[in-house]
Amino acid sequence: MRSARPIPGNPWPHDMIITVEDTPHFLWDLLWVREAWQLEPTGDDLPPRLVDATARETSRPAPLSDRGAWEAAWPDLWRGALEHAGLPRDHSIYDRLILGDLEPEEQRRLMRVARGPTWHDRFDDSAFDERREAWTGSHVRALIDRQRRPLKAEPERVCLEALIPAWRSGLTTIVEIPCDGSFTRVLGPHGLLVTASTRSDPSVYAEALAGFHEQ
């Protein structure tokens, strides 16, 4: 939310806009595939497990014909999707996709720019079965329940003293992944990645925001 001028009594800076991406579906795809198919990708700086144990409880071994390729590709796909998640959104791309009379190849190119790297760029849909839909539905319902909380209880409001210096340092986008424990990463000059666990704990979240300010 943004106002043309300061609102008396409102501590939120009138010109501060913060986008919270708590439904980053292409990151969800990667996190779910890893858990549901018991993948064990190797590499530096990989995120923790999902906070919701549903995918883990219904997991099964990946087909032998796919497992090696899936595990090998996962770290690169994660890094690419994560880098894109922290970028400011170019809404003109969506305007061109909706309103423009584009050639199919240009339309596909713009879609790739808009969404960033995805699992589907490398593999078909065979990894996504009825378990994915069930997990997504459960997680979306939990997010909707969270959105019913009062405005003053929003994590960004609760941690406003830490958020304002981070915004003044360039923060515009906060990406939340539904993972357990702590996994805070700065995503370029404008983005910050946090887990659901971090964003739900005011003291830990304030520390994460302070870390962006100190970059």
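Check the entry above for the structure.
The shown structure was predicted, so the numbers you read here are calculated from the model rather than taken from an experiment.

> Mind showing me how you'd approach the environment of W78 here?
By the element assignment, W78 lies in helix α3 (residues 64-85). Residues W78 and L27, spaced 51 residues apart in sequence, show a C-alpha to C-alpha distance of 7.2 Å. If sequence neighbours within four positions are ignored, W78 has contacts with L27, L30, L31, D45, P47 and I177.

> Looking at this model, I keep getting lost on helix α5 (residues 104-115). Mind explaining?
Residues that lie three or four places apart on an α-helix share one face, since the helix turns once every 3.6 residues. With 12 residues, α5 extends 17 Å from end C-alpha to end C-alpha; this agrees with the ideal 16 Å at 1.5 Å per step. Two residues or fewer past α5, G116 is found with a positive phi of approximately 80°.

> Is there a simple way to explain the environment of P61 in this structure?
Assignment of secondary structure puts P61 in the loop between α2 (54-57) and α3. Take P61: its relative accessible area is 55%, and that puts it in the exposed class. Along the sequence, P61 and E35 sit 26 residues apart, while their C-alpha atoms lie 9.8 Å from each other.

> Would you mind going over the nonpolar core with me for this structure?
Nonpolar side chains tend toward joint burial in soluble globular proteins. Judged by nonpolar contacts, the single largest core of 33 residues is most densely connected at W37 and W119. Only α1 (25-36), α3, α7 (130-147) and β2 (173-177) provide two or more residues apiece to this core. Ignoring sequence-local partners within four residues, the contact set of W119 consists of L30, V33, W70, W74, L77, D124, A127 and F128. Judged by nonpolar contacts, the second largest core, of 18 residues, contains W12, L192, A208 and L209.

> Any chance you could explain unusual backbone geometry here in plain terms?
The phi angle of most residues is negative, glycine excepted, and most peptide bonds adopt the trans form. Although it is not a glycine, Q38 sits at a positive phi angle of roughly 55°. Among the structural elements, Q38 can be located in the loop between α1 and α2.

> Looking at this model, I keep getting lost on the sheet that holds β2. Mind explaining?
Pairing between sheet strands relies on hydrogen bonds along the backbone, with the strands arranged either parallel or antiparallel. Pairing in this open sheet of four strands is mixed, and the strands run β1-β2-β4-β3 from one edge to the other. Edge positions in the sheet fall to β1 (19-21) and β3 (185-187), since each has one partner strand and no second. With strand direction ignored, the average angle separating the axes of adjacent strands in the sheet is 25°. Here β1 pairs with β2 via three bridges, running parallel. In the strand pairing of β2, E21 is matched with V175. In the packing of helix α11 (residues 202-213) onto the sheet, the strands contacted are β2, β3 and β4 (191-195), and the crossing angle to β4 comes to about 155°.

Scoring rules and cut-offs
Residues numbered from 1 in each chain as written. Predicted model: local features only at pLDDT ≥ 70, side-chain atom pairs only at ≥ 80, totals over all residues. Heavy atoms only, no water. Helix = DSSP H or I, 4+ residues; strand = E, 2+ residues; numbered from the N terminus. Contact = heavy atoms within 4.5 Å. Expected span 1.5 Å × (residues − 1). Buried < 20%, exposed > 50% of the residue type's maximum accessible area, 1.4 Å probe, protein only. Core = buried A, V, L, I, M, F, W, Y, C linked by side-chain atoms within 4.5 Å. Pairing = 2+ DSSP bridges. Axes fitted to C-alpha atoms, helices over the stretch in contact; angles between N-to-C directions.

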